[in-house]
Amino acid sequence: MRTFHAVDDLADIDATTGELELEDRHALRRVAGLSTELTDVTEVEYRQLRLERVVLVGVWTEGTAEDADNSLIELAALAETAGSLVLEGMIQRRSKPDPATFVGSGKVSELRDMVTSTGADTVICDGELSPSQLRNLEQRVKVKVVDRTALILDIFAQHAKSKEGKAQVELAQLEYLLPRLRGWGETLSRQTGGSGRGGGAGGGVGVRGPGETKLETDRRRINHRIARLRREIKALRTVRATKRARRNRNDIPAVTIAGYTNAGKSSLLNRLTGAGVLVEDALFATLDTTTRRARTNDGRVYTLSDTVGFVRHLPHQIVEAFRSTLEEVGEADLVVHVVDGAHPDPEEQVRAVREVLAEVGADGVPELLVVNKIDTADEETLLRLKRTWPEAVFVSARSGRGIDELRATLESRLPRPAVELRVVVPYDRGELVAQLHRRAKVLSTAHIAEGTALHVRVDQALAAELAPYISA
């Protein structure tokens, strides 16, 4: 039996951490002791999570005891991010989860005693439960049971801000909910309540109780809502694709920051671009993609985008719902893969992130591994990681250590304009000169009688536009 607490520290970076957004989020945090239970609306036994005083339970099926502990520590961090107070944690060693109750019958009794002694109102399981496991475990422990998937979906629902992000999260929640619909406890019978011939209490052909009718109504409404959300997300995907095509037309290189949740991706984006993205010591603090324009030391323009964080066993509903967002990683010229160097198991972080990237077809994109938080990591861990990943760049987004080396490495990995030209642009084409300074590498500039003489390195599209002005 173990007690777990959230881990890791992520400090704010000067004045670029989205302080106003952070203040707004904290102003609406859940308050322990106040119920958030949904008691009517659809009369379906699916309540908003009462994440107040929780007990964690995990099943250790493979790996080392340290791996099992790390998994439950991460679950504790997720629970605390969702607004709960973690009281206790329990891990059971089994070859596979129990098909009826997730944990064995003996552990269910022990779990019930733990819930009673601690005064917990919720049990969170470190895995995705089937509808029958969820129902059976709830009946045995007599409090609300939530699985890892529902917990992550709840955090996403709290943190989504953009229209696309909210639609993606709602779609994921509804797809998770649909197979788990059930009647409102014992009060709505599926066999009684209909008006069959003879007025008997038993069911018969064509006789359906109010519970069954209500379930069918809820199921139909949810299916209609899912269909509408998919149409909305498809339309938003078209908008995203149009913006991406515009960048591609202009041959602007795209860099995407990916990595484990709370590894410091937003902090790194802030440090590199001054984006002012919200930074918080919490898992999945930012969900909505932020893209900022940046410029290399030699004048080339590129875009830098932050993405949703990953986690081990990221729910497939989230991957599917956010597929249009995650697929942008596959369109990038370079993925900056951020790793938390102070995490107990950074190698597992890298494995989990690469697994999701492969799932969305982004595993073929060139990767630049960046180990963050070196100011809080111990030296022995850093030496081990340097041996494991000799090509990685080691930085601290908080203190700024290693950022110059990261910028130089990033710029060296960007695609360079391929065509070198000498041109004389007439003075009445000042917009073309401005475009060259935005999109090309300008090697030299001079002003002569005929116009602006430039020595530039440009892409093929811009070279064609400059053809009339090429000088000998």
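Residues numbered from 1 in each chain as written. Predicted model: local features only at pLDDT ≥ 70, side-chain atom pairs only at ≥ 80, totals over all residues. Heavy atoms only, no water.

Side note on the confidence of the model for the protein chain
Residues with a pLDDT of 70 or more make up 76% of the protein chain, whose mean pLDDT is 77. Per-element averaging of pLDDT across the protein chain places helix α1 (residues 19-26) at the bottom with 53 and strand β10 (residues 393-394) at the top with 96. Under a pLDDT of 50 for its full length, residues 26-51 has, in the predicted model, 58 contacts with residues more than four places off or in other chains. In this model residues 183-208 is a low-confidence stretch, pLDDT under 50, and it forms 33 contacts with partners more than four residues away in sequence or in other chains. (pLDDT = per-residue confidence, 0-100. Helix = DSSP H or I, 4+ residues; strand = E, 2+ residues; numbered from the N terminus. Contact = heavy atoms within 4.5 Å.)

A word on helix α3 (residues 105-118)
If you check α3, its first and last C-alpha atoms are 20 Å apart, about what 14 residues at 1.5 Å a residue would give, namely 20 Å. The complete set of buried residues in α3 reads V108, L111, M114, V115 and T118. Summarising the axial view, the buried residues of α3 lie within an arc of 120°, below the 170-degree limit, and thus occupy one face. Away from the buried face of α3 by more than 90 degrees, exposed residues S105, D113, T116 and S117 are located. (Expected span 1.5 Å × (residues − 1). Buried < 20%, exposed > 50% of the residue type's maximum accessible area, 1.4 Å probe, protein only. Arc of directions from axis to C-beta.)

Quick notes on the nonpolar core
L151, L268, F310, V336 and L410 are the most contacted members of the largest nonpolar core, which totals 74 residues. In terms of residues, this core owes the most to one element, helix α6 (residues 163-177), which gives seven residues. (Core = buried A, V, L, I, M, F, W, Y, C linked by side-chain atoms within 4.5 Å.)

Description of the environment of G361
You can see G361 is positioned in the loop between α11 (346-359) and β9 (367-372). Overall, G361 belongs to the exposed group, its relative accessible area being 51%. Note: C-alpha distance between G361 and E327 (34 residues apart in sequence) is 7.2 Å.

Points about the packing of aromatic side chains
According to the stated counting rule, one finds zero aromatic pairs in the structure shown. Lying over the aromatic face of W60, R93 brings its terminal NZ or CZ to 4.3 Å of the ring centre. Above the plane of the ring of F394 lies K386, whose end atom (NZ or CZ) is 5.3 Å from the centre. (Phe/Tyr/Trp six-rings, centres within 6.5 Å; stacked < 30°, edge-to-face > 60°. Lys NZ or Arg CZ within 6 Å of the ring centre and 35° of its normal.)

As for helix α14 (residues 430-439)
Along α14, the positions that sit buried rather than exposed are L432, V433, Q435, L436 and R439. Around the axis of α14, the buried residues are gathered within 160° of arc, so they sit on the same side.

Some details on the pattern of salt bridges
Two side chains of opposite charge can pair, provided their charged atoms sit close to one another. Scanning the entire structure with this criterion turns up 17 salt bridges. In this structure, R398 and D375 form a salt bridge, with 2.8 Å as the shortest nitrogen-oxygen distance. Taken together, the residues R398 in the loop between β10 and α13 (403-413) and D375 in the loop between β9 and α12 (379-388) connect sequence positions 23 residues apart. (Salt bridge = Lys/Arg side-chain N within 4 Å of Asp/Glu carboxyl O.)

Structural notes on the packing of helix α5 (residues 148-159) against α6
As a packed pair, α5 and α6 sit with axes 9 Å apart at the nearest point and diverge in direction by 155°. The pairing of α5 with α6 is recorded here as roughly antiparallel in orientation. By crossing handedness, the relation of α5 to α6 is classed as left-handed. Here T149, A150, L153, D154, F156 and A157 of α5 lie close against α6, whose contacting residues are V169, A172, Q173 and Y176. Along the lines of polarity and charge, the residues of the contact of α5 with α6 split into seven nonpolar, two polar and one charged. (Axes fitted to C-alpha atoms, helices over the stretch in contact; angles between N-to-C directions. Parallel < 35°, antiparallel > 145°, perpendicular 65-115°, else oblique. Left-handed = near helix turned anticlockwise from the far one by under 90°. Nonpolar A, V, L, I, M, F, W, Y, C, P; charged D, E, K, R; others polar.)

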